[in-house]
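Below, each chain spelled out in residue letters.
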Amino acid sequence: MSRFLLLCAGIMFSGLTFGQYSLTVSEFSTGIIPDQTTYRIHVDLNNTDDFLSSVYGNEADPFTLSTGGEGFYNSQFGSTTAGGINPAFLSFFPDLAADSWVTIGIDEQASGSEAPISTVESGDQPWVGAFAFDSAIDGQDIVMNDQTGGAWYVLNGSPNGLPINDRVLVMQMTTGGTFSGTFNAQIFGNGNGANDIRRTFSFDGVGTFAAEGEGGGGTGGNACGCTDE
């Protein structure tokens, strides 16, 4: 019996069905900031040459990030994007390791052929400042659902967007609260810009979450679509 039929018969398998893109939220560190946990969010890709171009939100594909009113932590020595994190400062400012930021693939300043992370935001729905210490929206929930939308991205060809161990890092966040959200990812299948793949992932806490329309929400759920031939 095929794995698909076994799943539809109710036999459980860990992980997701073959061929699915997914999003994984995992605990990275605890105790850097008292009573808070640092998490990392990755987009899991199917092929070694798939390219993650951007994480975005707009009117058609809303983006949300909520910490249930708790907010998330930004170091005064940190940056909105991982490209602004100078690892030489970590020994002097330990809280920098818990800074919240967005990224495509890197967790510190770009090196070699890596590219800095670019951002774009709507004037009516600013989000960049949510990752900036002492800004007007420091650590606040994020929504991108208007016509202009927003995103962070790198251009196709940068090594940032290629998977390491089948995944690409897209965010670090430190919070003491619960959290949930909906992320949209633009992927170029096999690195081909003409093969534009869009996937939406809704998540709540830690776990691995299938793209909408590609099975259940969290790791261990029944990810089959029994109406698929």
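Thresholds applied
- Residues numbered from 1 in each chain as written.
- Predicted model: local features only at pLDDT ≥ 70, side-chain atom pairs only at ≥ 80, totals over all residues.
- Heavy atoms only, no water.
- Helix = DSSP H or I, 4+ residues; strand = E, 2+ residues; numbered from the N terminus.
- Buried < 20%, exposed > 50% of the residue type's maximum accessible area, 1.4 Å probe, protein only.
- Contact = heavy atoms within 4.5 Å.
- Areas by Shrake-Rupley, 256 points an atom, 1.4 Å probe, with all protein chains shown as cover.
- Salt bridge = Lys/Arg side-chain N within 4 Å of Asp/Glu carboxyl O.
- Phe/Tyr/Trp six-rings, centres within 6.5 Å; stacked < 30°, edge-to-face > 60°.
- Pairing = 2+ DSSP bridges.
- Polar contact = N/O pair within 3.5 Å; in protein donor to acceptor, adjacent residues only side chain to side chain.
- pLDDT = per-residue confidence, 0-100.

Draft legend 1. Representation of the overall build of the protein chain in the model. When helices and strands are tallied, the protein chain shows 1 helix and 12 strands. The linear arrangement of helices and strands in the protein chain, starting from the amino end, is α-β-β-β-β-β-β-β-β-β-β-β-β. The buried share of the protein chain, taken over its 229 residues, is 45%. Taking as baseline every contact in the protein chain between residues at least 6 positions apart, the subset at least 24 positions apart corresponds to 66%. When the accessible surface of the protein chain is summed, it comes to about 10,800 Å², and 49% of that surface belongs to carbon and sulfur atoms.

Draft legend 2. Molecular detail of the pattern of salt bridges. Under the counting rule described, the total for this entry stands at 2 salt bridges. Across the pair Arg40 and Asp107 runs a salt bridge, and its minimum N-O distance is 3.3 Å. On the criterion of sequence distance, the pair formed by Arg40 in strand S2 (residues 37-44) and Asp107 in the loop between strand S5 (101-102) and strand S6 (118-120) is long-range, its members being 67 residues apart. Residue Arg40 is classed as buried on the basis of its relative accessible area, which comes to 13%. A relative accessible area of 34% places Asp107 in the partly exposed class. The partner of Asp196 in a salt bridge is Arg198, and the shortest N-O contact between them spans 2.8 Å. Residue classification places Asp196 among the partly exposed positions, given a relative accessible area of 36%.

Draft legend 3. Structural detail: the packing of aromatic side chains. In total, this model carries 13 aromatic pairs according to the counting rule given. Their ring planes at 35° and their centres at 4.9 Å tell us that Phe72 and Phe131 sit as a pair that is tilted. With Phe72 in the loop between strand S4 (63-66) and S5 and Phe131 in the loop between S6 and strand S7 (142-144), this residue pair connects regions lying 59 residues apart in the sequence. One exposure class covers both Phe72 and Phe131, and it is buried.

Draft legend 4. Region of the structure containing the sheet that holds S2. One open sheet accounts for 5 strands, arranged S5-S9-S2-S1-S12; its pairing is antiparallel. Each edge of the open sheet is held by one strand with a lone partner, namely S5 and strand S12 (207-210). Pairing geometry for S2 and strand S9 (residues 167-175), over 8 bridges, is antiparallel. Bridge pairing links Tyr39 to Met173 in S9.

Draft legend 5. Examining the side chain of Ser100 more closely. The residue Ser100 is located in the loop between S4 and S5 in this model. Engagement of the side chain of Ser100 in a polar contact is seen with the backbone oxygen of Tyr73, the distance being 2.6 Å. With residues near it in sequence (within four places) discarded, Ser100 still touches Phe72, Tyr73, Asn74, Ser79, Phe131, Gln172, Met173 and Thr174.

Draft legend 6. Fine view of the pairing of strand S1 (residues 22-30). Here 8 bridges tie S1 to S2, and the two strands are oriented antiparallel to one another. Across the sheet, the residue bridging to Leu23 is Val43, located in S2. Where S1 folds back onto S2 in an antiparallel hairpin, the turn is made up of 6 residues, including Gly31, whose phi is positive at roughly 85°. Here S1 runs beside S12; their pairing, made up of 4 bridges, is antiparallel.

Draft legend 7. Representation of the confidence of the model for the protein chain. In the predicted model, the protein chain carries a mean pLDDT of 87, and the fraction of residues at 70 or more is 85%. Low pLDDT (under 50) marks residues 1-18, which in the prediction has 29 contacts with non-local residues, meaning those over four places away or in another chain. Every residue in residues 219-229 is under pLDDT 50, and counting partners more than four places away or in other chains gives 23 contacts.

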